[in-house]
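Listed below are the residues making up each chain.
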Amino acid sequence: GDVGGALDLILTRLANYREKMQRLKQKIIGSMTYPVAVVVIACAILSGILMFIIPQFSKMFDEMEISLPLITLGLVNVSNFMVTHWYAIFGIPVALFIMYKLIGKIKSCRLLIDRLKFRIPVFGNLINKSIVSKFVRTLATLTSSGVPILESLKNVKEVSGNLAMTRAIEKIHDSVREGESIAKPLRESRICDSIVVNMIEIGEQSGELDKMLEKVADNYDAEIDSAVEAMISLIEPIMIVFLGGAVGTIVVALFMPLIKLMDALG
């Protein structure tokens with residue numbers, strides 16, 4: 001921008017890009033706050049039931065010498081494990097998080113993890129679209145600002161935030177350096193939808209790559225908004241089913257021995 005004499009225009013584009021990325025980030029974080037809070041509170045309540053209420057029923061069953069059904073026996077065993085190994089409630093998540101971070105430092109494992117992120121049910125599609133949107137919008141901002149395509153791809157690679165996307169950009173960089181197109185290695189990566197690859201290919205052929213990239217980014221941003229709303233509407237029934245199933249399982253497991261005892265007394 002400084003060299004081309006259009007610094008004000010480039011700064012405006014950069015500011016607009018940063019604002020869009022920040023709005024997207026805030027929307028995703030905001031949409032996850034409520035579900036995460038509900039899940040944490042629900043897990044705390046279920047842990048309290050397993051650690052303090054189930055043991056009382058277990059003592060009563062032992063005193064009455066009732067043969068427990070499998071579902072009740074499993075619930076009692078889980079309760080006993082949580083009482084005797086209560087530190088595992090906090091230790092296991094922390095250990096898994098540390099293990100995830102350590103494994104993530106190994107490139108081959110990090111690549112596998114980043115590829116698997118795209119296959120996560122519900123969230124995988126959102127992760128994919130957000131990464132692709134970031135890629136095309138950053139590339140559009142750089143190319144429209146007069147930055148050479150190879151330098152633009154190098155900068156995009158460093159801010160992709162996903163190793164699978166980074167590897168795809170490296171192949172695109174090598175392809176462009178050898179005089180080939182962006183679309184071919186992007187299609188082979190299977191990270192982007194075919195319509196995205198086709199629009200980029202049309203942009204290359206027509207000489208309006210930056211405009212096509214902007215259109216793709218705007219389209220993906222709209223799809224991300226729809227995906228976030230769909231995710232929010234889907235998370236609530238999933239949480240209800242999970243909580244209802246957990247509470248129902250506990251109730252059935254506790255009442256089956258009591259019903260059996262009542263039938264015996266009758």
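Scroll up to find the structure.
Asker: So what exactly am I meant to see when it comes to the overall build of the chain here?
Answerer: Scanning the chain from N- to C-terminus turns up 10 helices and zero strands. In sequence order, the secondary structure elements of the chain are arranged as α-α-α-α-α-α-α-α-α-α. Expected size for 266 residues packed as a compact globule is a radius of gyration near 18 Å; at 27 Å, the chain overshoots this value by more than 25%. Structurally, the chain occupies a C-alpha span of about 90 × 35 × 30 Å along its principal axes. Counting the 266 residues in the chain, one finds 34% classified as buried. Taking all contacts inside the chain whose residues are at least 6 apart in sequence as the whole, residues at least 24 apart take part in 64%. Within the structure as shown, the chain displays about 16,200 Å² of accessible surface, and the carbon and sulfur contribution to it stands at 65%. Side-chain charges of the chain comprise 28 positive and 27 negative groups, with the mean position of each set lying 4 Å from the other.

Asker: Looking at this structure, how should I read the packing of helix α3 (residues 87-104) against helix α4 (residues 107-117)?
Answerer: Relative to each other, α3 and α4 sit at 115°, their axes nearing to 7 Å. One finds that α3 runs roughly perpendicular with respect to α4. Residues Y100, I103 and G104 of α3 form the contact with α4, whose own contacting residues are C109, R110, I113 and K117. Split into classes, the residues belonging to the contact of α3 with α4 amount to four nonpolar, one polar and two charged.

Asker: Explanation requested: a nonpolar patch on the surface in the structure shown.
Answerer: On the surface, I120, V122, F123, L234 and I238 cluster together into a nonpolar patch covering about 380 Å² of accessible area. Its place among the elements puts I238 in helix α10 (residues 209-265).

Conventions we followed
- Residues numbered from 1 in each chain as written.
- Predicted model: local features only at pLDDT ≥ 70, side-chain atom pairs only at ≥ 80, totals over all residues.
- Heavy atoms only, no water.
- Helix = DSSP H or I, 4+ residues; strand = E, 2+ residues; numbered from the N terminus.
- Rg over C-alpha atoms; globule rule 2.2 N^0.38 Å.
- Buried < 20%, exposed > 50% of the residue type's maximum accessible area, 1.4 Å probe, protein only.
- Contact = heavy atoms within 4.5 Å.
- Areas by Shrake-Rupley, 256 points an atom, 1.4 Å probe, with all protein chains shown as cover.
- Lys, Arg positive; Asp, Glu negative; His and termini not counted.
- Charge placed at Lys NZ, Arg CZ, Asp CG, Glu CD.
- Axes fitted to C-alpha atoms, helices over the stretch in contact; angles between N-to-C directions.
- Parallel < 35°, antiparallel > 145°, perpendicular 65-115°, else oblique.
- Nonpolar A, V, L, I, M, F, W, Y, C, P; charged D, E, K, R; others polar.
- Patch = residues over 30% accessible without salt bridge, like charges linked within 9 Å, V, L, I, M, F, W, Y side chains within 5 Å.
- Salt bridge = Lys/Arg side-chain N within 4 Å of Asp/Glu carboxyl O.

Any functional reading would require information beyond the geometric quantities listed.
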